[in-house]
Amino acid sequence: MNTIARYAIQGVLYAAFAAFVGYFSSAPTYRHIEPDEALLRLSFSHAGERKQPCRTRTPEELAKLPPNMRAPLDCPRERADVTVELELDGKLIHRVVAPPTGLARDGASTVYRRVVVAAGRHQVRVRLSDNPQGVFNYTAERSVDLGAGRVLLIDFNAAAGGFVFRM
Amino acid sequence: MDYGKWPATIFRKHNGVLRLIQRSGRWLFHRADALFNRAFGERLNPLYYLGATAYWLLWVVVATGIYLYIFFRTGVEEAYASVEYLTVEQWWLGGVMRSVHRYASDAMVLAMGLHLTRHFVFDSYRSFRWFSWVSGVILLWLTYASGINGYMLPWDRMAQFVVIATAEWFDALPVFQGTLIRNFIAEGAVNDRLWSLLSFIHIGLPLALLAVLWIHTQRVPHANTNPPRPIAASVIVALVVLALARPVTSQGGPADLSAAITTIDLDWFYLAAYALIYRWTPGEVWWLVGGATALFLLAPWLPPKRVRREGFHMLVHPDNRIIPVREGERLLDAALREEIPVPFDCRNGGCGECKGSLLYGRVDYGDYQDTALTGEERRNGKLLLCCATPLSDLEIEYEPEEMPGGAPVRIYTARVAAMKRLTHDVMQLILKVEGDEVPFFYAGQYLNVLLPDGQKRSFSFATAPHQRDHIELQVRWIPGGLFTTHVFTGMKEGDLVRFEGPLGSFFLREDSEKPIIFVAGATGFAPVKSMVEHAFHVGLKRRMYLYWGARSLRDLYAADLPRGWEREHENFRFVPVLSEPKPEDNWTGRTGLVHEAILADFADLSGHQIYACGSVGMVQAAHPAFMAHGMSEHDCFSDAFVLAPRIRTVTADMVRLGGRP
C-alpha cells in the first residue's frame, strides 16, 4: 500500500471514529414522553401525627426524673403512617402508605410518584391521612387542563391548608 | 434428577459460553488489529494503545474543563448564560473547548470500553491481574459519575433531565425514598448553592479519577500512559474537526422545572442507563447496574479457575539474570517488572518489537499477528515476549537496544594483548579492542564473550570506564567450562575475542552520599575494582569499605591492590576475610564468612549502600542478614553469579540471580 493511500485510509478511520463519537454523543433522540402527553407528579414530605398523644406527667413522675429532664409532657416519638390516594378521572391510580422515617419512626413521611398522562382536561382527586386512626383528613379535588409537555405538581403543606396544586 | 450435579453443570455451561465469547472476541480483535495494521502500521495502530489513549483523553478533558471553568458562573441564571456565552459569543474558542470537552469525554468512555473488552477477551484479568481489573471497574464508576455530573452544570433542558432522572433513580433506594427529588421538584426549589456543590463535585470526582488511574497502572510494569504522539495528535485533530463540524450546544433553552422533558438528544455513551430508568423501573436499573458491577468485580475469581502453580523461573540473556515469572504472566511483563530493559512497543503482538529467542523450556505463544512472528521464525525458536506465557522454567534471549544510561549495546572484536595468571585459577586478560573503540560502560557492568558456537560467557569489566586503551577481565577457571578451560589451556596473546556489551544494570550509583560497603567474593573483586578505581578517578569522597572474602590466602589474588588504595586514600578501607585459611598462610586477619565480618563491624546498616559481588550463595546468605541490620532494599545492589544447571545444564552459563540489581 503506498503512502498516500495509507494516509487516506488513516484519515477515513479517524473520521469514522469522530463520526461514531459525534453521532452517539447526541443521537438517536430519546423520547422521554410522547408529544401529546403531560406529567403529573405527586411529591411531598410530611410528618404524620404522633401515634399516641402527649400526656402530662404527674408530680411524682417528675420527681423521679433527673432535674434536667423534668419536661411536663411525655410525648412518645413514633408517628403515624401517612396514607395518600390519588384518583385520576375517577380511577384510583396510586395508594401509598408512607411510614415515618428515622430509627424511632419519628421523621417525616416522604412520597413521590410520577404519572405520565394524556394531555387535556383531567379530574384529579387526592386525599391524605396522617393520623393513627387512618381517617382521611385532607382532601382536594381539581379539574385541571394539562397542556402537552406540562407538569402538574401536587404538593402537600399542612400549614398552608393541605394539598397545593402547581402547574 | 441428581440435583447435586447442578452447580457443576452450570459452571461447565458458563465456562463454555465464556470461552466462546472470549474466542469470538479475540477473533474480532485480531481481524481489526490486522486491518488497522495495514493502515497505520504496527507501531501506530490505535487499537494497541486503548488504555493510553483513554489516559490521554482524560488529560484533554481536564485541560478543556479548566478553560471552561474560568468562564463558568455558579448560579441558577448565570450557569446557563455563561455556558451560552462560551458557546455562542466565543464559539471560536470557548465553543470549541466545550465541544472537545464533551467529545473527548465520550471518546474516553469508548476507549475505556474497548480497553476493558480487550483485556477480558484475552483473559488478562485473572490471577495477579485482579488488581488492575478491579481498580478499572472503580474507574468506570468514577468516569460515569464525573460525566453525568458534568451534564448538570449548563442548566439547560438536558441538565434538567439529568438531575431529575438522577434524583428519581436514587430515590428508588430505600435510604432516600423520594427525598432527593424534592430538591428539584419545582421552580424555586433550586438555588445558587447547587452549582457550588455541583462544581465541587465536578472537580473532586476527576481528581479521584486521576488518583485511582495512577493506582490502576501501578501494578503494570512500565505501563504506557501516553499513546505515541502521532496517535495523540490525530485524536485531537479528529475531535477538533468534529467540534467544528458538529458543535455542542445547550438543548432546549434553560431548564424549566414546570415543563416536562419530551425529547432529548441523549449522550448514549454516558446516559444509556437513564433511558432504561423510564423503560423499566428505577429499581430494575439498580439491579442491572449493581449486578453488572458485582459481576465485573468478581470476574477475576469466577470459574474457570486455573490450577494454581508456584510460577516459574526464567533465565534472561544477555543480562544473565534468573527472574521469577508468575503463572499466566507474559514474559515481557515479568522482565519489565525486574527492570530488564527488553525493547517493546505495542505490547499486543502486533509490532514484533519484543521478539526474542526461546532457548529452553515450553511456552504458550499467545495470540499475535502473523506479520509480527512468522511461522518460520517460530519454528526457529523465536517468540513474542509480550504474548508468550510460561509453561515451564525458561531460558530466553532478547536483543537489547541500550542499557542503563543509554550506553548502546554493540558487538566488538578485541585482541588478547596480555595474559597473566593472578593465582592458581584466575587469569588476567588484557584486551585491546579493534579500532581502539573501547565501549562506554558504567563501572560494574559486564560483557558477554561470544563463543564460535553461539554460546556466551559473562565477565565483568575489571577496568574503570576512564581507562580507554584496554579492557581487563579476570577469568576464573571453571573445571569443565568451555571458555575458561580454553583460556587456561589454549588461549595465547594475539588471539581474537568477540564480545557484546556493555550489559547489566549493576553499576556504581553516584547520586547518593551514603558510605559504600563493597562485598566481594572470589572474582567478584573484578567489578569492585572497576567501581573503586572509577570512584577515585571522579574524586568520590564517600567513605568506602571493601570486604573481600576468599577461602585461603592464595584466593586473594590481587590483595596488594586494595592495600595500596588503603594507603593512598583516606576514605578507603580494605578488610580481607578468609573462611578456610591454611596453616601455611599464617593468617592473622579476619576469618569466617565475609558478611558476618561486616555485621560484626556495622550494627546498623541503614545509613550505607552495599554492593555485593560474588556467588549466589554468598549474596543469598548476606542479603537477609543485612536486611535484619537495617539495610534498605533500595541501597543494596547485587551482582551474584552462579552456574545454572537447573535452567540449562549444557551451557552452564554464568547468571545473575533475580531481584532488582
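Nothing here was measured: the structure is a model prediction, and the numbers come from that model.

## Focus: the overall build of chain B
A tally of regular secondary structure across chain B gives 17 helices and 21 strands. Based on the C-alpha atoms only, the size of chain B along its principal axes is roughly 105 × 65 × 55 Å. Split into buried and exposed, the 661 residues of chain B put 55% on the buried side. Sequence-distant contacts, at least 24 apart, represent 73% of the contacts inside chain B between residues at least 6 apart. Roughly 29,700 Å² of accessible area belongs to chain B as shown, and the carbon and sulfur atoms make up 59% of that amount. Taken together, the 64 basic and 67 acidic charged side chains of chain B have centroids lying 5 Å from each other.

## Some points on the overall build of chain A
A tally of helices and strands in chain A yields 2 helices and 11 strands. Scanning chain A from its N terminus toward the C terminus, one meets helices and strands in the order α-β-β-β-α-β-β-β-β-β-β-β-β. Computed over its C-alpha atoms, the radius of gyration of chain A comes to 28 Å, more than 25% above the 15 Å expected for a compact globule of 167 residues. Across its three principal axes, chain A shows a C-alpha extent of roughly 105 × 45 × 20 Å. For chain A, with 167 residues in total, the buried portion stands at 37%. Expressed as a percentage of contacts within chain A between residues at least 6 apart in sequence, the contacts between residues at least 24 apart total 59%. With an accessible surface of roughly 9,100 Å², chain A has 54% of that area assigned to carbon and sulfur atoms.

## Brief notes about the sheet that holds strand E12 (residues 456-460) of chain B
Residue and element names in this part refer to chain B. Ordered in space as E12-E11-E14-E9-E10-E13, the 6 strands form an open sheet in which the pairing is antiparallel. Taken across any chain shown, the strands that pair with only one partner, and hence form the sheet edges, are E12 and strand E13 (471-476). Averaged over all pairs of adjacent strands, the angle between strand axes in this sheet comes to 40°, irrespective of strand direction. Looking at chain direction, strand E11 (residues 446-450) and strand E14 (residues 496-503) are connected through 4 bridges and run antiparallel. By the bridge assignment, Leu450 is partnered in E14 with Arg498.

## Quick word on the packing of helix H6 (residues 157-170) of chain B against helix H10 (residues 282-298) of chain B
Residue and element names in this part refer to chain B. Here H6 crosses H10 at 80°, and the two axes come no closer than 8 Å. By the angle between their axes, H6 is roughly perpendicular relative to H10. Contacts between H6 and H10 involve Glu168, Trp169 and Phe170 on the former and, on the latter, Pro282, Val285, Trp286 and Val289. Residues that form the contact of H6 with H10 fall into these classes: 6 nonpolar, no polar and 1 charged.

## Re the interface of chain B and chain A
Contacts between the two partners involve 46 residues from chain B and, on the opposite side, 38 residues from chain A. Overall, the association of chain B and chain A removes approximately 3,800 Å² of surface from exposure, summing both partners, and the carbon and sulfur fraction of that is 61%. For the pair chain B and chain A, the number of links is 2 salt bridges. Where Glu168 of chain B meets Arg114 of chain A, a salt bridge forms, and the shortest distance between an N and an O atom there is 3.8 Å. Scanning the region where chain B abuts chain A turns up 22 residue pairs in polar contact (both at pLDDT 80 or more). Of all the elements in the fold, those that place two or more residues in the side of chain B that touches chain A are helix H1 (6-40), helix H4 (91-121), H6, helix H8 (229-245), strand E1 (263-264) and helix H9 (268-279) of chain B. Residue composition of the side of chain B that touches chain A, grouped by class: 27 nonpolar, 8 polar and 11 charged. Inspection of the sheet shows strand E1 (residues 30-31) of chain A paired to E1 of chain B by 2 bridges, in the antiparallel sense. Among the inter-strand pairings, Arg31 of chain A is bridged to a residue of E1 of chain B, identified as Thr263 of chain B.

## Re the packing of H4 of chain B against helix H5 (residues 130-152) of chain B
Residues and elements named next belong to chain B. Taken N-terminus to C-terminus, the directions of H4 and H5 make an angle of 160°; their axes are 11 Å apart at the nearest point. Relative to H5, the element H4 lies roughly antiparallel. Judged by the sense of rotation from one axis to the other, the crossing of H4 with H5 is left-handed. Between H4 and H5, the residues in contact are Arg102, Asp106, Met108, Val109, Met112, Leu116 and Phe120 and Trp133, Leu139, Leu140, Thr143, Tyr144 and Tyr151, respectively. For the contact of H4 with H5, a count of residues per class yields 10 nonpolar, 1 polar and 2 charged.

## What about the sheet that holds strand E7 (residues 109-118) of chain A?
Residue and element names in this part refer to chain A. Strand order in the open sheet made by the 4 strands is E7-E2-E10-E11, with mixed pairing throughout. Lying at the two open borders of the sheet, with one neighbouring strand each, are E7 and strand E11 (162-166). Strand-to-strand twist across the sheet, computed as the mean angle between neighbouring axes with direction ignored, equals 15°. Pairing geometry for strand E2 (residues 37-46) and strand E10 (residues 151-157), over 4 bridges, is parallel. Residue pairing across strands places Leu39 opposite Val151, the latter belonging to E10.

## Describing the pairing of E12 of chain B
Residues and elements named next belong to chain B. Where burial is concerned, most of E12 is hidden: 5 out of the 5 residues are buried. Inspection of the sheet shows E11 paired to E12 by 5 bridges, in the antiparallel sense. Paired with Val449 across the bridge in E12 is Arg457.

## Examining the nonpolar core
Note on soluble globular proteins: their nonpolar side chains tend to be buried together. Residues and elements named next belong to chain B. Leu57, Trp155, Phe161, Val162, Trp195, Leu271 and Tyr274 are the most contacted members of the largest nonpolar core, which totals 97 residues. Tallying contributions element by element places H4 first for this core, with 13 residues. Among residues more than four places away in sequence, those in contact with Tyr274 are Ile148, Phe161, Val162, Ala165, Thr166 and Trp169. Core analysis: the second largest hydrophobic core is formed by 29 residues, Val532, Trp548, Trp565 and Phe574 among them.

## Re empty space enclosed by the protein
Enumeration over the complete set of coordinates arrives at 2 cavities of 30 Å³ or more. For the largest cavity, the calculated volume is near 110 Å³. Mapped by element, the contributors of at least two residues to the lining of the largest cavity are E2 and E7 of chain A together with H6 of chain B. Here the lining of the largest cavity is composed, by residue class, of 11 nonpolar, 2 polar and 3 charged.

## Re a negative patch on the surface
The grouping of Glu77, Glu78, Glu187 and Asp192 of chain B at the surface amounts to a negative patch. Along the chain, Glu77 of chain B falls in helix H3 (residues 76-89).

## Some thoughts on the domain arrangement of chain A
What the domain assignment lists for chain A is domain 1 (1-30) and domain 2 (37-51 + 80-166). When each unit is reduced to the centre of its C-alpha atoms, the spacing between domain 1 of chain A and domain 2 of chain A is 52 Å.

## Considering the environment of Met491 of chain B
Residues and elements named next belong to chain B. Position of Met491 among the secondary structure elements: in the loop between helix H13 (482-489) and E14. Along the sequence, Met491 and Ser460 sit 31 residues apart, while their C-alpha atoms lie 19 Å from each other. If we skip the residues at most four places from it in the chain, Met491 touches Val416, Met419, Leu429, Phe483, His486 and Val497.

## Focus: the pairing of strand E8 (residues 394-398) of chain B
Residues and elements named next belong to chain B. The buried count for E8 comes to 5 of 5 residues, which makes it a mostly enclosed element. Across the two faces of E8 the burial is the same, with Leu394, Ile396 and Tyr398 and Glu395 and Glu397 all buried. Summarising the sheet, strand E4 (residues 355-360) and E8 pair through 4 bridges and their orientation is antiparallel. Pairing of Gly356 across the sheet is with Tyr398, part of E8.

Thresholds applied
Residues numbered from 1 in each chain as written. Chains lettered and ligands numbered in written order. Predicted model: local features only at pLDDT ≥ 70, side-chain atom pairs only at ≥ 80, totals over all residues. Heavy atoms only, no water. Helix = DSSP H or I, 4+ residues; strand = E, 2+ residues; numbered from the N terminus. Buried < 20%, exposed > 50% of the residue type's maximum accessible area, 1.4 Å probe, protein only. Contact = heavy atoms within 4.5 Å. Areas by Shrake-Rupley, 256 points an atom, 1.4 Å probe, with all protein chains shown as cover. Lys, Arg positive; Asp, Glu negative; His and termini not counted. Charge placed at Lys NZ, Arg CZ, Asp CG, Glu CD. Rg over C-alpha atoms; globule rule 2.2 N^0.38 Å. Pairing = 2+ DSSP bridges. Axes fitted to C-alpha atoms, helices over the stretch in contact; angles between N-to-C directions. Parallel < 35°, antiparallel > 145°, perpendicular 65-115°, else oblique. Nonpolar A, V, L, I, M, F, W, Y, C, P; charged D, E, K, R; others polar. Buried area = accessible area lost by both parts, 1.4 Å probe. Salt bridge = Lys/Arg side-chain N within 4 Å of Asp/Glu carboxyl O. Polar contact = N/O pair within 3.5 Å; in protein donor to acceptor, adjacent residues only side chain to side chain. Left-handed = near helix turned anticlockwise from the far one by under 90°. Core = buried A, V, L, I, M, F, W, Y, C linked by side-chain atoms within 4.5 Å. 1 Å grid on protein atoms, 1.4 Å probe; cavity = no way out; pocket = protein on both sides within 12 Å on 5 of 7 lines; lining within 4 Å. Points joined across faces, edges and corners; volume = space filled by probe spheres on them. Patch = residues over 30% accessible without salt bridge, like charges linked within 9 Å, V, L, I, M, F, W, Y side chains within 5 Å. Domains from an automatic or database assignment.

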